[in-house]
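# Structural overview
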Amino acid sequence: IDAKKSEIKRVVELKKAVVNEAVTHGLNPNVPMKFSGVDWLGDIPEHWETIKLRQILHPFSEKNHPELPLLSVVREQGVIVRDVENKESNHNFIPDDLSGYKMVKKGQFAMNKMKAWQGSYGISDYTGIVSPAYFIFDVDFENLEYFHYAIRSKVYVNFFAQASDGIRVGQWDLSLNKMKEIPFIVPPAEEQKAIVEYIPAAFAKYDAAIVKLTEEVEVLHELRNKLISDVVTGQIDVRDVEVPEF
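A brief look at the structure comes next. Think of each chain on its own: its residues are numbered from 1, step by step along the sequence as written. Reporting in this predicted model follows two pLDDT cut-offs: at least 70 for local features of residues, and 80 or more for side-chain atom pairs to be given and counted; totals over whole chains, interfaces and linings ignore these cut-offs and use all residues. Only heavy atoms go into the side-chain values, all of them from the structure, while hydrogens and water stay out.

This part takes up the overall build of the protein chain. For the protein chain, the count of helices and strands is five helices and 14 strands. As a reference, a globule follows 2.2 Å times the number of residues to the power 0.38, and the radius of gyration itself is taken over C-alpha atoms. Relative to the 2.2 N^0.38 estimate, which gives 18 Å for 246 residues, the radius of gyration of the protein chain is 23 Å and therefore markedly larger than a compact globule would have. Across its three principal axes, the protein chain shows a C-alpha extent of roughly 70 × 55 × 35 Å. Relative to its full complement of 246 residues, the protein chain shows a buried share of 38%. Each helix is a run of DSSP H or I of at least 4 residues and each strand a run of E of at least 2, with the numbering of both proceeding from the N terminus. Between buried and exposed lies partly exposed: a residue is buried under 20% and exposed over 50% of the maximum accessible area for its type, with that area taken using a 1.4 Å probe on protein chains only.

Given below as structure tokens:
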């Protein structure tokens, strides 16, 4: 079971690598390259531009919309609708008065600034409200789907980690001033479109592998539980079994 779960983690990392490669090097391995200006990022296609996030992200803050659904910003999925009925997933206190919560419109960029270094941000597919501690931005970028893929790639998670600081481990606060200076790599519009079409197609084989491995984990759990049941009910005789040391 542990081995299968480790395989799933490796496949998830391969999925992330697909996005990372596409948004930093493009889809054509034969184009001329140039130095990106960032040592750990390396080279990018020569004809791609580099701008600052302050040129495309503009802070937005609107409150007093308690009638809107509650949203959360999480690492694995970005912006999601919050399940207020699920007590296990709601570790954070939800106040009775939600008038102080910030509005997020569909197509805006929302960030959990305390967990930006983990990748807890993304373009919202929903209109709702989030914690007043979050950052919300209007996005001056035509292809929001490309922006979402790119900004959630490992490249930018590293940038946001560098722009965050604090004393408590796991609760680093993102500096808005540092964030504004983070470079954003911009391919031509046609390449952005091609990358957006390529990524889901490239994901297909990895998603199929994850489904298969997950099913195998479920079967192994069933076998494990049956083994325990058979032993404790005496259907398997274990009196002369030697237990090896691991």
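The subject of this paragraph is the layout of surface pockets. The distinction between a cavity and a pocket rests on a 1 Å grid over the protein atoms alone: a 1.4 Å probe fits inside a cavity but cannot get out, while a pocket stays open yet meets protein on both sides within 12 Å along at least five of seven lines, and a residue with an atom within 4 Å of a point counts as lining. Grid points are joined across faces, edges and corners, and a volume is the space filled by probe spheres set on the points. Within this model, the largest pocket holds a volume of roughly 790 Å³. What lines the largest pocket is a set of 26 residues, among which Lys-16, Arg-75, Glu-76, Gln-77 and Arg-152 lie closest to the centre. Looking at the lining of the largest pocket, the elements that each hand over two or more residues are helix H1 (2–25), strand S6 (78–81), helix H2 (144–151), helix H3 (154–162) and helix H5 (189–232). Take the lining of the largest pocket: its biggest share by element is four residues, from H1. For this classification, Asp, Glu, Lys and Arg are treated as charged, while Ala, Val, Leu, Ile, Met, Phe, Trp, Tyr, Cys and Pro are nonpolar and the rest, including Gly, are polar. Grouping the constituent residues of the lining of the largest pocket by class yields eleven nonpolar, eight polar and seven charged.

Turning next to the sheet that holds strand S4 (residues 57–59). The strand order across the open sheet formed by four strands is S4-S11-S8-S9, and the pairing between neighbours is antiparallel. Both edges of this open sheet fall to S4 and strand S9 (121–123), since each of them pairs with a single strand only. The average angle at which neighbouring strand axes cross in this sheet is 25°, direction not considered. Alignment of S4 against strand S11 (residues 135–139), held across three bridges, turns out to be antiparallel. Counterpart to Leu-57 in the pairing with S11 is Val-139. Contacts between residues were defined by any pair of non-hydrogen atoms, one from each residue, lying within 4.5 Å. Under this scheme, a helix contributes an axis fitted over its contacting stretch, all axes are lines through C-alpha atoms, and angles between N-to-C directions fall in the 0 to 180 degree range. Each of S4, strand S8 (109–111), S9 and S11 touches H2; the most contacted strand, S9, lies at about 165° to it. A pair of strands is labelled paired if DSSP reports no fewer than 2 bridges between them.

When you tally the buried positions in S11, you get four out of five residues, the bulk of the element. Sheet topology note: the S8/S11 ladder contains three bridges and is antiparallel. Residue Ala-110 lies in a different strand from S11, and its bridge partner there is Ile-136.

We note that Asn-64 has phi near 65°; this positive angle belongs to a residue other than glycine. Position of Asn-64 among the secondary structure elements: in the loop between S4 and strand S5 (71–74).

The subject of this paragraph is the packing of H2 against H5. Look at H2 against H5: their axes get within 9 Å of each other, and the N-to-C directions meet at 65°. The crossing of H2 and H5 is left-handed. Within the contact between the two elements, H2 uses Glu-145, Tyr-146 and Tyr-149 and H5 uses Gln-192, Ile-195, Val-196, Ile-199 and Pro-200. A class-by-class count of the residues in the contact of H2 with H5 yields six nonpolar, one polar and one charged. Each crossing gets its hand from how the near helix is turned against the far one by less than a right angle, where anticlockwise is left-handed and clockwise is right-handed.

So, about the side chain of Lys-102. Position of Lys-102 relative to the elements: it lies in strand S7 (residues 102–104). As used throughout, the charge tally considers Lys and Arg to be positive and Asp and Glu to be negative, leaving His and the chain termini uncounted. Any carboxyl oxygen of Asp or Glu that lies within 4 Å of a side-chain nitrogen of Lys or Arg is treated as forming a salt bridge with it. There is no salt bridge for the buried Lys-102, and the closest opposite charge comes from Asp-173, which lies 11 Å off by N-O distance. Each polar contact in these results corresponds to two N or O atoms within 3.5 Å; when the atoms are within protein, one needs to be able to donate a hydrogen and the other to accept it, and residues that are neighboring in sequence are counted only if both atoms are side-chain atoms. Among the polar contacts listed, one links the side chain of Lys-102 to the backbone oxygen of Pro-132, at a separation of 3.5 Å.

The next thing to look at is the packing of aromatic side chains. Between 30 and 60 degrees the pair is tilted, below 30 it is stacked and above 60 it is edge-to-face, where a pair is any two Phe, Tyr or Trp rings, Trp via its six-membered ring, whose centres lie within 6.5 Å. Summed over the entire model, instances satisfying the criterion amount to twelve aromatic pairs. Ring centres of Phe-135 and Phe-137 lie 6.1 Å apart, and the angle between their planes is 70°; this geometry places the pair in the edge-to-face category. A relative accessible area of 15% places Phe-135 in the buried class. Ring centres of Tyr-156 and Phe-159 lie 5.7 Å apart, and the angle between their planes is 45°; on these two criteria the pair is classed as tilted. Placement of both Tyr-156 and Phe-159 in helix H3 is noted, with a separation of three residues, approximately one turn of the helix. There is no split in this pair, since Tyr-156 and Phe-159 are both buried. Of the aromatic side chains, those joined through ring pairs into one cluster are Phe-109, Tyr-121, Phe-135, Phe-137, Phe-141, Tyr-146, Phe-147, Tyr-156, Phe-159, Phe-160 and Phe-184.

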